[in-house]
Each structure stands twice: as structure tokens, then as C-alpha cells.
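A look at the structure
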Amino acid sequence: MCGIWALFGVDVHSISKYDKTFSKIQHRGPDAWRLEYDLKVKNICLGFHRLAIIDSLYGMQPMKLHKFPFVSMICNGEIFNWKQLGEKHGFNYETQCDVESVLQLYGSFGIEETLKQLDAEYAFCLVDSLKKKVFIARDPYGVRPLFYLSSSNGILGVSSEAKGLTCLIDELGLTEWEMKPFPPGHIAEYSILSDGKLELISLNRFFKIEEPILPPVPLEKGTLNNFIFIFRLAKENVHANIRNLLTQAVEKRMMSNRRIGCLLSGGLDSSLIAAILVKLSKEKGLPYPIQTFSVGMADSPDILAARQVAKHIGSEHHEVLFTAEDVLSVLDKVIYTLETADITTIRASCGNNKKDHHLLYPYSLHRPIVNLIKYGIHDIVICLKLIFTGMYLVSRYISQNTDTVVLCSGEGADEVAQGYIYFRDAPTPDHAHNESLRLLGDIFMYDGLRADRTTAAHGLELRVPFLDLRFTQYFLSLPKEMRQPQNKIEKHLLRSAFDGTGLLPNEVLWRHKEAFSDGVTTVKKSLFNIIQEWIDPKYTEEDLKLATVKYQHCPPNSKESLYYRDMFEKHYEGLSSKFMPYFWMPMWTQVKDPSARFIQHYAAK
């Protein structure tokens, strides 16, 4: 994880005027930074904030190689198959940094073949000064963020987060401009003009969710390695393939020179990832135990379930409890961090990290309380997945109190495996399948955005095994009927694949789906109720009526959403339609609030 930033078509001799803009994304890369221009190409500046995960000595960017001296690249990403690519093509790597493989592939085969061979999460900008070309690309699901600002006169800005570009609009005096997220699974090609400005040649989609980009891996022995005949696969073989591919997805994401861990919410997704991670760490003989970390209010459902899972898998488990005041005190900061006004995304991100007097109590399964008193919980190794609330809280705590940098997460499981409660109401298997595709296509603006921003805000790297390309392309190729909820249970196929393995306790494996914000609080009073009570006196009913005129795109329908929108516009005025095309809401229901609590199937106790 890092922050990439570039500016094209602006006099490089005045680039120092924009260093404050560049520094707005320094949280993504706290280890080192570089702002560089190359006289081989006029008026082009590349910036990089580094979080060193692989090859801390030689992995600095912008990256250039002796073999391809005219190519420079900034890349925020992890190339999971970089070693395999090196062996396959005989690359003589100059560094031990995984992203070098992108330059090696481009220099040897060109941009199109490069994208076909990457098993990775990435956003990169590549400048070929010899061919006078710029290429910008983003991974298929948009796991790594990327924004661009383009003007009618050929100026282009690129940044990992929008906050690294917004000030440029006024600073550069732009009149005709557009700023929005760079679309996942796309490649843009620009020509570099004589003054360093850019001309867009093409913007093409290289990935479609239902069209596998990577060749299929060998499946369980005895099955057919051809998706056309997937209907003939025995159920037990399908289960074995799901287990194997998800395990491989986690194993890939253990690639790191920094410490790895797992946040454990107690829900199915984070529990599966944590259990697999602990199992693999023991098999690989990692020099440290995997510690899990949960956060919530006292005796919340997630706290209790996570405690049970941690005991079962044998992780070093720690709990930190927070109060409603902690959440409310950081709400405005979260909205700035997220770069969205979406109700669900904000609710699922809130939380704060005050000092120890705000933590109701620390709890450890493996450490005597005397040691906790002596050392606090400063050496906790955490592995992140908190679906509902507290990601901001946990991330800041990790950054300030631990040496954990790489975090595994369960994002993507609900989208891939039809995990939201409303999937029970899908009229047909085709409707459910298409909804999965829609959710995956937009995840970079909602759940994926939340997970990235709340962790990156504190210099942490998030990895998402459920969005692994081979896992998703296999799971989505299975019969549509097989992937639907069964017996009123969401993610039935995923649960069934691990049933009887002993990896998780049955009551956790088959635990009902919690509503957003409910998992870390209680069913009596959800976190969003607490937020609404705090916001309510800030507005009148007349304010809410006028808001529909003031904000015609996604007009606020409650005082809560009006507050979020006002805070968003303070930092990102006029950009809501580009960053948030719609409010995240459940399908096939008449509810007006995105919380699953209002869906008739909700069964939390």
C-alpha cells in the first residue's frame, strides 16, 4: 500500500507550489516520499509516498530499470505472482520488489500482455518517454484506489485519493475539468505532447467479471477443468475447490516483509480468513503467532462471537471496547477520510481511538492481566476485518500501538457469495446472479472504499482474499441456483464448503447475518440510532425539505444523510455525482434505510 500522485502538463519549475497537495495523501506511505521530474519528458512530475512491504532497500519509486531506462512507473499494488512471472519469462530482477514485474512485462511484451498476466491488486501510472506514451491502469475490482483530474487543455492529475487533487482545480485555475475515480479493470493510453500536456488516445476495459482474465487452475482431482461442464461437478468436489481456492487466496496475501495479522469481527467472513491465516502461519512456521483483534461495545454480538472463534483457532486474541462518544467525536474526520456521503459506508466506518481511559477494558485469552497492565496492548498483532463498525478506530489503534502493517480482510464475500439478507428476496437465480455482478462492479465505491480508506488513513495495507481473481471466477461460474441462499441462510454454499472441517465452530459457521452497525452494539440500540439521536437536533424539518432542492443528486432523505452530505460538500464540493452515483440500498425491498435491521428476514437476537 502506498500513495501515488502525478501531474502532467504543468511547468515543473513551479511544482513546489503543489507539494502541499501531494502531501495530502502522505498517510498512505509514511516510510518515505519522493517528488520527481525527468527532463527526458517536459513538464511531467511523478510523486510517491511509500509504505515498504517488500524490499525496503531497493523498492522506492518512481521505479526505473537499467534494461528499460526510458520507462518510469509509480504503482500502488501487490503483484502476487511476481516470482512465477520471473521464472516463466526469465526476468533478471534488479530489485526484490514485486511491482518490478510490471515494468519487466511491459518492456518485454507491451501493455496489453502485461495486464493479461498480472495476478494482483494495483493502480499504476507508467510513462514511456521514448514512445511518448502514458498508461494508467487499475485492477479488476478496484481494490487499489485511483482518481484522475483532467482538463480540456491537456492537464492531467492522478492521485490515489481525491483529496490529493481537489486543491489543484483552483491552484491551476482550471475552468473546464472533470474529476472522478479511474474505473476498475480499465487501461487508459495518452500521448505526450511537446509541452508535456496529454491527449487521450483510448480508455478500454480489459476485464469483465464474467470473462476470466487468468487461466483456470487445476481443480480437485476427479473434477472437470472446464467451466462449460461445471454442472456435472459433484457437490463435494465443488466444496473442495472452494476451500482450496480460498486457502490459496489467503496464502498469496501472506507475501510480506512486514508483520501480518487479522481483525476478527466474529462474522463468517472474517472468521474464515482468520482461521485459514492461523492454520497457514503454523504450517509455514511464521516467527510470530497470529493475533486477532475485535472491537465493539460491551457484550456486543461480534465481541462474543470473535472470542469464541479465537479460542477455537488458537489465536492470541484481544478486545478493545469503545463508547458512543468515541464514535461521534470522529464522525467528521471519517467523512473526509472516506470521500463519500453514502450512509451505509459512513456508518460502517466510524469509531475513534482515544487513549486507554476511553477503552472500557482490554481482554486477552493468552496473556496474564498483569502483563496487560505492565505493557498495555502495544504489541498486539492485528489482522483486520470488521465489517460493521470500528474500522477507523481499530486502524488508528494498530498504527499507534503495534508493528502490524499488512492486514487481511473479509471484504467481498457478501458480493461474491450472495451474503446480504435481501438476496433471499431475489425473484430468480438470474436476478441474484446479476445483483452479485452489480455489487462487485461497484464495490470500489462502497465496501471496498470503506475498507481501503479507513486502513490507509493510518498507514496500513489491506488485502482482500475474497476478491482473488481465481476464487471469484470459479465461484461465479458455478450454477446460479447453487449460489443462492438455501433454507433461509445466506452464503449457504460458502458455509457448506467448510462444514465438517472443524475449521470453525458450527454456531459461527452458520451464524445469522448481522445488520450494519448492529454487530458491534446490541439489537436494543444500534449504532446508527446513536448517531441519529446526536444529529437530530442539528436540523429542523424545514432544513430537510430545503435539502432536496440544494442537493438534487442523491437528495438527503433524513437528517442523518443531510449531515453526511453537508460534511462531504465542505471538502468535496460538487463531486457527489462522480464519487457516489447512488445510495447503497438493499434490492427487492421497500425499506428506506439501508440497515438490514429493517428487512423482514432480519433475525438477530
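Procedures and definitions
Residues numbered from 1 in each chain as written. Predicted model: local features only at pLDDT ≥ 70, side-chain atom pairs only at ≥ 80, totals over all residues. Heavy atoms only, no water. Core = buried A, V, L, I, M, F, W, Y, C linked by side-chain atoms within 4.5 Å. Buried < 20%, exposed > 50% of the residue type's maximum accessible area, 1.4 Å probe, protein only. Domains from an automatic or database assignment. Contact = heavy atoms within 4.5 Å. Phe/Tyr/Trp six-rings, centres within 6.5 Å; stacked < 30°, edge-to-face > 60°. Helix = DSSP H or I, 4+ residues; strand = E, 2+ residues; numbered from the N terminus. Lys NZ or Arg CZ within 6 Å of the ring centre and 35° of its normal. UniProt positions renumbered as here; feature names shortened; annotations may be inferred.

**Observations regarding the nonpolar core**
Grouped burial of nonpolar side chains is what soluble globular proteins tend to show. Counting 108 residues, the largest nonpolar core has Phe124, Ile242 and Phe498 as its most contacted members. The two domains that each donate at least three residues to this core are domain 1 (3–205) and domain 2 (226–356 + 381–602). Every residue in contact with Phe124, bar those within four places of it in the chain, is listed here: Ile4, Met73, Ile74, Cys75, Val102, Ile111, Leu115, Phe135, Ile136 and Ala137. In this structure, Val10, Leu338, Ile343 and Ile531 belong to the second largest nonpolar core, which totals 56 residues.

**Quick notes on the packing of aromatic side chains**
All told, the structure shown has 23 aromatic pairs when counted by the stated rule. Here Tyr148 and Phe182 contribute two aromatic rings whose centre-to-centre distance is 5.9 Å and whose plane-to-plane angle is 70 degrees, an arrangement assigned as edge-to-face. On the criterion of sequence distance, the pair formed by Tyr148 in strand β7 (residues 147–151) and Phe182 in the loop between β9 (177–181) and β10 (186–192) is long-range, its members being 34 residues apart. For the pair formed by Tyr148 and Phe182, the shared burial category is buried. Here the aromatic residues Phe147, Tyr336, Phe568, Tyr572 and Phe579 are joined through ring pairs into a cluster of three or more. Directly above the ring of Tyr336 sits Lys163, whose terminal nitrogen or CZ lies 5.0 Å from the centroid.

**Brief notes about the UniProt feature "site: Important for beta-aspartyl-AMP intermediate formation" (unreviewed entry) in the protein**
Per the UniProt record, "site: Important for beta-aspartyl-AMP intermediate formation" (unreviewed entry) is annotated on Glu411. As for its position among the elements, Glu411 is in the loop between β16 (404–408) and α14 (413–416). According to the relative accessible area criterion, Glu411 is buried, its value standing at 2%.

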